[in-house]
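Report on the structure
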Amino acid sequence: MILVTGVSGALGGSILRGLRAHGGLEVAGGSRAGDGGAGGVRLVDFDRPRTLPGAFAGVDVLVLVSAGYAEDDVVLARHGAVVRAAAEAGVRHVVYTSLAGSGDPLSIALAHRWTEARLAEAPFEVTVLRNGLYAELLADLALAGTVGDVLAAPLADGAMPVVARDDLADVAVRVAAETHADLAAGRPRRHAGRTYELEGETALGGADLAALLTEALGRPVGYRPVPLGEARAALGASGLEPYQVGHTLSLFSAAGAGLMRSRGGDLRAFLDVPRPAARVVAARLASAR
Ligand SMILES: NC(=O)c1ccc[n+]([C@@H]2O[C@H](COP(=O)([O-])OP(=O)(O)OC[C@H]3O[C@@H](n4cnc5c(N)ncnc54)[C@H](OP(=O)(O)O)[C@@H]3O)[C@@H](O)[C@H]2O)c1
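In this report, we go over the structure that sits alongside the text. Since the structure is predicted, the reported quantities are computational estimates derived from the model, not experimental observations.

**Points about the pattern of salt bridges**
Counted according to the given criterion, the structure contains 17 salt bridges. Taking the shortest distance from any N to any O, the salt bridge between D182 and R190 comes out at 2.8 Å. For D182, a relative accessible area of 1% puts it in the buried group. Shared partners join several salt bridges into a network, and the residues in it are D104, R113, E116, R130 and E197.

**Things to note about the sheet that holds strand 10 (residues 159-163)**
If you walk across this open sheet you meet the three strands as 7-10-12, and the pairing is mixed. At either end of the open sheet lies a strand with only one pairing partner, and these are strand 7 (133-134) and strand 12 (202-205). When strand 10 meets strand 12, the two strands line up antiparallel, connected through four bridges. Across the sheet, residue A159 finds its bridge partner in strand 12, namely G205.

**Let's talk about the site of the ligand**
Neighbouring the ligand are 23 residues; S8, L11, R32, S66 and Y134 lie closest to it. In this structure, R32 approaches the ligand through a side-chain N or O atom, which is 2.6 Å from an oxygen atom. A distance of 2.9 Å separates a nitrogen atom of the ligand from a polar atom in the side chain of D45. Within the complex, 87% of the 880 Å² of free accessible area of the ligand lies under protein. Going through the elements one at a time, helix 1 (10-22) and strand 7 are the ones with two or more residues in the shell around the ligand. Counted by class, the shell around the ligand contains eleven nonpolar, seven polar and five charged residues.

**Thoughts on empty space enclosed by the protein**
All chains considered together, the criterion is met by one cavity of 30 Å³ or more. Approximately 40 Å³ is the volume attributed to the largest cavity. Around the largest cavity sit L138, L141, A142, L151, A153, L155, L209 and F252, which together line it. Of all the elements in the fold, those that place two or more residues in the lining of the largest cavity are helix 5 (135-144) and strand 9 (150-153).

**A short note on the packing of helix 8 (residues 228-236) against helix 9 (residues 242-256)**
Closest axis-to-axis distance for the helix 8/helix 9 pair is 10 Å, and the angle between their directions is 150°. If you check the angle between helix 8 and helix 9, you find them roughly antiparallel. Crossing geometry of helix 8 relative to helix 9 is assigned as right-handed. Only V245, T248, L249, F252 and S253 of helix 9 make contact with helix 8, whose side of the interface consists of L228, A231, R232, L235 and G236. Its residues placed into classes, the contact of helix 8 with helix 9 shows six nonpolar, three polar and one charged.

**Notes on the environment of P161**
Among the secondary structure elements, P161 is positioned in strand 10. The class for P161 is buried, based on a relative accessible area of 3%. Distance from P161 to L143, taken between C-alpha atoms, is 18 Å for residues 18 residues apart in sequence. Sequence-distant contacts of P161, defined by excluding residues within four places in its chain, comprise S102, L133, E199, G200, T202, A203, M260 and S262.

Rules behind the numbers
- Residues numbered from 1 in each chain as written.
- Predicted model: local features only at pLDDT ≥ 70, side-chain atom pairs only at ≥ 80, totals over all residues.
- Heavy atoms only, no water.
- Salt bridge = Lys/Arg side-chain N within 4 Å of Asp/Glu carboxyl O.
- Buried < 20%, exposed > 50% of the residue type's maximum accessible area, 1.4 Å probe, protein only.
- Pairing = 2+ DSSP bridges.
- Helix = DSSP H or I, 4+ residues; strand = E, 2+ residues; numbered from the N terminus.
- Near = heavy atom within 4 Å.
- Polar contact = N/O pair within 3.5 Å; in protein donor to acceptor, adjacent residues only side chain to side chain.
- Areas by Shrake-Rupley, 256 points an atom, 1.4 Å probe, with all protein chains shown as cover.
- Nonpolar A, V, L, I, M, F, W, Y, C, P; charged D, E, K, R; others polar.
- 1 Å grid on protein atoms, 1.4 Å probe; cavity = no way out; pocket = protein on both sides within 12 Å on 5 of 7 lines; lining within 4 Å.
- Points joined across faces, edges and corners; volume = space filled by probe spheres on them.
- Axes fitted to C-alpha atoms, helices over the stretch in contact; angles between N-to-C directions.
- Parallel < 35°, antiparallel > 145°, perpendicular 65-115°, else oblique.
- Left-handed = near helix turned anticlockwise from the far one by under 90°.
- Contact = heavy atoms within 4.5 Å.

Structure (structure tokens):
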């Protein structure tokens, strides 16, 4: 059986729907909003490790969707609890949604690389999906930084590679389904021990986002690069949690310094035609109109 965690979230929800649509697979979801299993969603709360043994019982392939919205120590405790519980429950293969190599300079990389290391020591096989930054996330940042006809962001002339979240879900569905098939057939698992870099092929910067905002909102929007200190003050006043301010600034800082570079990747090994990331950003911007 395949269990997907975090299915009330955008990525986990898409992966669960994709696996259910695949047909011929025994699939369950896991969520803090679990329904006890009646609706196919088991109670899974990484912050309450006692929920994990029951949830992981009978699971062959665990799709571990990172639960990264918290301070690093909390995320490490969450993911560490999952690795321990999966090992104890006899899970045979874990597919982990990590962070692409272009994200190495980001503060969020710490928890992902720590989790990859813990998984590498575990007694089950592992596939790491190093996901690029979501196009949807960049659209949300652009909307948050836009007041009137100005997008203010500390991106300087930098850009960040982004990828459609549904493309990442499609890859996860294929990897989980093929792993399940390999296990059922008793043959070597083609994705075992593999780390896939799922980098976006499109890098977008401040001027690109202003052009997309202009198109989506139907009025001219200009890009104003701002200093990081100004952005920190604005983010701090916006009601974000302090850790979110730190992670967001780290993203801007790395992109603005030109350090978020994709070195190619494995997306096209799975998808003939990735969704055009700029169009995904544009659609999300337009939906906020
Ligand atoms: N690559 C990127 O650009 C990017 C951007 C943002 C985040 N991320 C990472 O990717 C993950 C999925 O992204 P998303 O867009 O689907 O996020 P989302 O829609 O905000 O969903 C948040 C996810 O965190 C899970 N979660 C939170 N606390 C949990 C806990 N205590 N135990 C188990 N699960 C917990 C939620 O599961 P339930 O609510 O179902 O329990 C849900 O799957 C995020 O959690 C984050 O780690 C990546």
